[in-house]
Amino acid sequence: GLHGVGVSCVNALSTLLIAEIHSRDGKIYRQTYSKGAPTSQVEVVGECTDRGTIITFKPDGSIFTHTTEYKYEILANRLRELAFLNPGITISLSDERTNHSDEFKFSNGIAEYVEFLNRNKTTVHPKVIAFGGSAPAAEGSDSNIVVDIALQYNDSYTEQVYAYANSIFNVEGGTHLSGFRTALTRVVNNYAKANNLLKD
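What counts, and at which threshold
- Residues numbered from 1 in each chain as written.
- Predicted model: local features only at pLDDT ≥ 70, side-chain atom pairs only at ≥ 80, totals over all residues.
- Heavy atoms only, no water.
- Phe/Tyr/Trp six-rings, centres within 6.5 Å; stacked < 30°, edge-to-face > 60°.
- Helix = DSSP H or I, 4+ residues; strand = E, 2+ residues; numbered from the N terminus.
- Lys NZ or Arg CZ within 6 Å of the ring centre and 35° of its normal.
- Salt bridge = Lys/Arg side-chain N within 4 Å of Asp/Glu carboxyl O.
- Buried < 20%, exposed > 50% of the residue type's maximum accessible area, 1.4 Å probe, protein only.
- Core = buried A, V, L, I, M, F, W, Y, C linked by side-chain atoms within 4.5 Å.
- Contact = heavy atoms within 4.5 Å.
- Expected span 1.5 Å × (residues − 1).
- Polar contact = N/O pair within 3.5 Å; in protein donor to acceptor, adjacent residues only side chain to side chain.

Participant: Would you mind showing me how to read the packing of aromatic side chains here?
Facilitator: To describe a pair of aromatic rings, you give the distance between the ring centres and the angle between the ring planes. Under the definition given, this model contains eight aromatic pairs. Ring geometry for Phe84 versus Phe116: centroids 5.5 Å apart, planes at 45°, classification tilted. You can see Phe84 sitting in helix H2 (residues 72-85) and its partner Phe116 sitting in helix H3 (residues 109-117), a full 32 residues away along the chain. Above the face of the Phe116 ring, Arg119 is positioned so that its terminal group lies 3.9 Å from the ring centre.

Okay, structure coming up:
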């Protein structure tokens, strides 16, 4: 998880969770849990040449009383969104119940996301306007704040704005969105004034 609590939450809400780590030392480690508590010791279960983590879990029906069945479309929409927000990564989804599968990979990130959102609309300009940049998070910081923006106008009258921070959709926007809107309005107004496009 982005905040270090994702797998802990999933673990606490699952009757079974299996964590399998393909490590740098060439070994595969596995441990099982139930409702957040370990049900086995960490074991070496094999050898590997790859690296990564596989988490397998079964949601707890005593907590999720409405349903424990996953809806493919909900998962596909979220994973597609993550692939747009993280250009170049490949995310695969397969449903063994129906043999339905999808693979999501987008080299142009949110520019492709905007094209996807506008796929059934008439656009005002053919190309998506996309740009980005980064700056140090704070003076002396080793980490950067990275900003990516993509937009394309269409002939509809309803605004469709999606703001994200750390790949999480911000339903209510935030200072990043209000700052962008202010800057965009200022730039358009300045351009219009400088080119005598506004009536007195």
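Participant: Hey, could you run me through the pattern of salt bridges in this one?
Facilitator: Any two side chains of opposite charge can pair, given that their charged atoms come close. For the structure shown, the criterion picks out six salt bridges. Residue Asp60 is joined to Lys35 by a salt bridge in which the shortest nitrogen-to-oxygen separation is 3.6 Å. Of this pair, Asp60 sits in the loop between strand E5 (52-59) and H2 while Lys35 is found in the loop between strand E2 (27-34) and strand E3 (37-38), placing the two residues 25 residues apart along the sequence. Linking Arg78 and Glu81 is a salt bridge whose minimum nitrogen-to-oxygen distance equals 2.5 Å. You can see Arg78 and its partner Glu81 sitting in helix H2, three residues apart, about one turn around the helix. The class for Arg78 is partly exposed, based on a relative accessible area of 30%. Assessed through its relative accessible area of 15%, Glu81 is described here as buried.

Participant: For this particular structure, what's the right way to read the nonpolar core?
Facilitator: One recurring pattern in soluble globular proteins is that nonpolar side chains are buried together. Within the largest apolar cluster, 12 residues are counted, these being Tyr72, Ala76, Leu82, Ala83, Phe84, Leu85, Ile91, Leu93, Phe104, Phe106, Tyr113 and Tyr164. Mapped onto this core, the elements with two or more residues apiece are H2 and strand E6 (91-95). Ranked by residue count, the leading element in this core is H2, at six residues. Not counting residues within four places of it along the chain, the set of residues in contact with Leu93 comprises Tyr72, Leu75, Ala76, Leu79, His100, Ser101 and Asp102.

Participant: I'm lost on H2 in this one. Help?
Facilitator: Because the α-helix completes a turn every 3.6 residues, residues three or four places apart line up on one side. Between its first and last C-alpha, H2 extends 20 Å over 14 residues, near the 20 Å set by a 1.5 Å rise per residue. In this structure, the buried side of H2 is in contact with E6, strand E7 (100-104), H3 and strand E10 (164-165).

Participant: Whenever I open this one, helix H4 (residues 175-194) confuses me. Can you help?
Facilitator: Between its first and last C-alpha atoms H4 spans 28 Å; for 20 residues at 1.5 Å apiece the expected length is 28 Å, and the two agree. Positive backbone phi, at 50°, marks Asn196, one or two positions downstream of H4.

Participant: How should I be thinking about the environment of His176 in this particular structure?
Facilitator: Relative to the helices and strands, His176 resides in helix H4. Measuring from C-alpha to C-alpha, the distance between His176 and Asp95 comes to 37 Å, with 81 residues separating the pair along the chain. Those residues in contact with His176, other than ones at most four positions away along the chain, are Ala163, Tyr164 and Asn170. In this structure the side chain of His176 is engaged in a polar contact, spanning 2.9 Å, whose partner is the side chain of Asn170.

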